[in-house]
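Notes for the structure review
Read off the chains here:
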Amino acid sequence: MKFKTLAMLGELSEKEIEDLLTEQVIGRIACYADGQLYNVPINYVYGEGYVYAHSALGKKIAMMRKNPEICFEVDNIESVFRWKSVIAWGRFEEITDIEEKQMVMQRLIHRIMPFANNAPDHPSHGITENESDIGDKVELIVYKIALTQKTGRFEN
């Protein structure tokens, strides 16, 4: 009779944490303000210790403006017993410099668009139906999260 080996749980190395943050394009931001927690998925790009993202004005932005301390989570789940997960803590910083905003939007476009299924998809799809609405009908808020602490776990 053969016995199946037990799954191994463990901690990700710093390199594995950085790799997972870099490889993924969808993560979750958890924020807290006025006695309320809020956890929401976002499209993002990671680099130089920052999570870069964009949004329209809404609950998430309003909460992060009140309390910029956030928690960020990203994972890669292959199966119930084969996964990697990173939890990071950091600080929300709204980007107001036009050149930095443009640079971040270009990075987001280059990172996210290869995953688009339809030709009319655009990187602000969750913000507005039409890309042309950005700037005219909808304010685009570009921000970064300066990560200050990271931890990672895995099972395989």
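In every chain, residue numbers begin from 1 and rise along the written sequence. Given that the model is predicted, a residue must reach a pLDDT of at least 70 before its local features are reported, and side-chain atom pairs must reach 80 or more before they are shown or counted; all residues, however, enter totals for whole chains, interfaces and linings. Calculated side-chain values reflect all of the structure's heavy atoms, with hydrogen atoms and water omitted.

1. Notes on the overall build of the protein chain
Secondary structure elements are taken from DSSP: a helix is a run of H or I of four residues or more, a strand is a run of E of two residues or more, and numbering for both begins at the N terminus. From N to C terminus, the protein chain includes 3 helices and 8 strands. Going from N to C terminus, the protein chain has its helices and strands arranged as β-α-β-β-β-β-α-β-β-α-β. For the protein chain, with 156 residues in total, the buried portion stands at 39%. Contacts in the protein chain between residues far apart in sequence, at least 24 positions, make up 70% of those at least 6 positions apart. Note on areas: Shrake-Rupley with a 1.4 Å probe; residue coverage comes only from the protein chains shown. Only carbon and sulfur atoms are counted for the fraction: they give 52% of the accessible area of the protein chain, which is about 9700 Å². Working definition: with a 1.4 Å probe on protein chains only, accessible area under 20% of the residue-type maximum means buried, over 50% means exposed, and in between means partly exposed. The contact criterion used is simple: two residues touch if any of their non-hydrogen atoms lie within 4.5 Å.

2. Observations regarding the pairing of strand E7 (residues 82-95)
We call two strands paired when DSSP finds no fewer than two bridges between them. Examined bridge by bridge, strand E6 (residues 69-79) and E7 share 10 bridges and lie antiparallel to one another. Considered in E7, the bridge of Ile 77 is made with Trp 83. Following E6, the chain reverses through 2 residues before pairing antiparallel with E7. Strand direction decides the pairing type here: E7 and strand E8 (residues 141-155), joined by 13 bridges, are antiparallel. Note on E8: the bridge partner recorded for Ala 88 is Lys 150.

3. Focus: the packing of aromatic side chains
The geometry of an aromatic ring pair is captured by two quantities: the separation of the ring centres and the angle between the planes. Ring pairs shown here join Phe, Tyr and Trp side chains whose ring centres sit within 6.5 Å, with only the six-membered ring taken for Trp; geometry is labelled stacked below 30 degrees between planes, edge-to-face above 60, and tilted in between. Enumeration over the complete set of coordinates arrives at 3 aromatic pairs. Where Tyr 44 meets Phe 72, the ring centres are 5.1 Å apart and the plane angle is 80°; that geometry is what we call edge-to-face. Of this pair, Tyr 44 sits in the loop between strand E3 (36-43) and strand E4 (45-47) while Phe 72 sits in strand E6, and the two are 28 residues apart along the sequence. Per residue, the accessibility class of Tyr 44 equals that of Phe 72, and both read buried. For the pair Tyr 50 and Tyr 52, a centre-to-centre distance of 5.8 Å together with 35° between the ring planes defines the contact as tilted. For Tyr 50, a relative accessible area of 24% translates into the label partly exposed. In this scheme, the term charge over a ring applies when either NZ of a lysine or CZ of an arginine sits within 6 Å of the ring centre and within 35 degrees of the ring normal. Above the face of the Tyr 38 ring, Lys 59 is positioned so that its terminal group lies 5.2 Å from the ring centre.

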